[in-house]
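# Notes for the structure review
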Amino acid sequence: MRISKLPLCALGLLLLNGCAALDDDVTVGEAIDDAAITAQVKTALVEDDELSALDINVDTVNGVVTLNGAVDNQAHIARAADVADDVDGVRSIQNNLTVDQ
């Protein structure tokens, strides 16, 4: 039985490259951490009685959480940032929320 070396080489490269950068400077571990932070922030926003989480988009890169979308008033902009900042692993908040007109 003859086994092709190409799939084995490809598998070896994938295994060796497992912790290498996915996107220029983001490792697999960091991407997983960022995804977990995003999920935790979204959950916290959903659980907050003052906010409509459906109106807030959350992205995380290297622990920096970016909030985008439109909310009802200025107080909700501040509240969303406070809720996100309370999540473990959040390094800083980039708050791009606006007041819905």
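Please read these numbers as outputs of a predicted model, since none were measured by experiment.

## Digging into the sheet that holds strand β3 (residues 56–61)
Spatial strand order, β3-β4-β5: three strands in an open sheet with mixed pairing. With one partner strand each, in any of the chains shown, β3 and β5 (92–99) form the two edges of the open sheet. Here the average twist between neighbouring strands, direction ignored, is 10°. Inspection of the sheet shows strand β4 (residues 64–71) paired to β5 by eight bridges, in the parallel sense.

## Comments concerning the side chain of D34
With respect to the helices and strands, the residue D34 is situated in helix α2 (residues 28–47). Salt bridges are absent for the buried D34, whose nearest opposite-charge side chain, R91, sits at 7.2 Å. Within the structure, the side chain of D34 is placed 3.0 Å from the backbone nitrogen of G63, a separation counted as a polar contact. Excluding residues that lie within four positions of it along the chain, D34 makes contacts with T60, V61, N62 and G63.

Conventions we followed
- Residues numbered from 1 in each chain as written.
- Predicted model: local features only at pLDDT ≥ 70, side-chain atom pairs only at ≥ 80, totals over all residues.
- Heavy atoms only, no water.
- Pairing = 2+ DSSP bridges.
- Helix = DSSP H or I, 4+ residues; strand = E, 2+ residues; numbered from the N terminus.
- Axes fitted to C-alpha atoms, helices over the stretch in contact; angles between N-to-C directions.
- Buried < 20%, exposed > 50% of the residue type's maximum accessible area, 1.4 Å probe, protein only.
- Lys, Arg positive; Asp, Glu negative; His and termini not counted.
- Salt bridge = Lys/Arg side-chain N within 4 Å of Asp/Glu carboxyl O.
- Polar contact = N/O pair within 3.5 Å; in protein donor to acceptor, adjacent residues only side chain to side chain.
- Contact = heavy atoms within 4.5 Å.

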